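Take a look at the letters that make up each chain.
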Amino acid sequence: MGSQRATLRGYRRTFNKKSVVNWGTKENPGITLNLEPFDGASCEGAAFEFPDNDKIPVLLRALRKREACDPTDLQAVGRRALGRRQGIHL
């Protein structure tokens, strides 16, 4: 598995996702960070690369459970050590 810094353009982070995992209750859930589309915004973060093998379904199930949503195919721009830019999907 590899990772690199990446920029997701057209989105911003916002505390708008309710959660009862680790904090909060069903009646009073905690809020967690989420992404929302927003013109002119961008988010910096990490993009992870997984090998194409039979473990992908297991990783996706764990990600769905942790994030309480389905992974999405969003175009991000990653930076490599030599300064080249490469499109990646989140």
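Residues numbered from 1 in each chain as written. Predicted model: local features only at pLDDT ≥ 70, side-chain atom pairs only at ≥ 80, totals over all residues. Heavy atoms only, no water.

A. Quick peek at the overall build of the chain. When its secondary structure is counted, the chain shows one helix and four strands. N-terminal to C-terminal, the α/β element order of the chain is β-β-α-β-β. Expressed as a percentage of the 90 residues in the chain, the buried residues total 21%. For the chain, contacts bridging at least 24 residues in sequence account for 55% of all contacts bridging at least 6. Surface exposure of the chain reaches about 7,200 Å², of which carbon and sulfur atoms provide 55%. (Helix = DSSP H or I, 4+ residues; strand = E, 2+ residues; numbered from the N terminus. Buried < 20%, exposed > 50% of the residue type's maximum accessible area, 1.4 Å probe, protein only. Contact = heavy atoms within 4.5 Å. Areas by Shrake-Rupley, 256 points an atom, 1.4 Å probe, with all protein chains shown as cover.)

B. Region of interest: a nonpolar patch on the surface. On the surface, a nonpolar cluster with roughly 310 Å² of combined accessible area is contributed by F15, I31 and L33. One can find F15 in strand 1 (residues 2-24). Residue classification places F15 among the exposed residues on the basis of a relative accessible area of 54%. (Patch = residues over 30% accessible without salt bridge, like charges linked within 9 Å, V, L, I, M, F, W, Y side chains within 5 Å. Salt bridge = Lys/Arg side-chain N within 4 Å of Asp/Glu carboxyl O.)

C. Region of interest: the layout of surface pockets. In this structure, the second largest pocket occupies an estimated 180 Å³ of space. In this structure, the second largest pocket is lined by 11 residues; those nearest its centre are K17, S19, V21, T32 and R66. Secondary-structure elements contributing two or more residues to the lining of the second largest pocket are strand 1 and helix 1 (56-67). Of the residues belonging to the lining of the second largest pocket, the class tally is four nonpolar, three polar and four charged. (1 Å grid on protein atoms, 1.4 Å probe; cavity = no way out; pocket = protein on both sides within 12 Å on 5 of 7 lines; lining within 4 Å. Points joined across faces, edges and corners; volume = space filled by probe spheres on them. Nonpolar A, V, L, I, M, F, W, Y, C, P; charged D, E, K, R; others polar.)

D. Local environment of the pairing of strand 2 (residues 29-49). Bridge analysis of strand 1 against strand 2 gives 17 bridges, and the strand direction is antiparallel. If you follow G24 over to strand 2, its bridge partner there is P29. Between strand 1 and strand 2, which pair antiparallel in sequence order, lie four residues. (Pairing = 2+ DSSP bridges.)

E. Broad picture of the environment of S42. Locating S42 in the fold gives a position in strand 2. For S42, a relative accessible area of 44% translates into the label partly exposed. Along the sequence, S42 and Y11 sit 31 residues apart, while their C-alpha atoms lie 5.3 Å from each other. With residues near it in sequence (within four places) discarded, S42 still touches T7, L8, R9, G10 and Y11.

F. Summary view of the side chain of K17. Checked against the element boundaries, K17 lands in strand 1. Among all residues touching K17, those that are not within four sequence positions of it are G30, I31, T32, L33, N34 and E67.

G. Region of the structure containing the environment of T14. With respect to the element layout, T14 can be found in strand 1. Considering only alpha carbons, one finds T14 and E36, 22 residues apart in sequence, at a separation of 7.0 Å. Apart from residues lying up to four places away in sequence, T14 is in contact with T32, L33, N34 and E36.

Shape descriptors only; they carry no functional weight alone.
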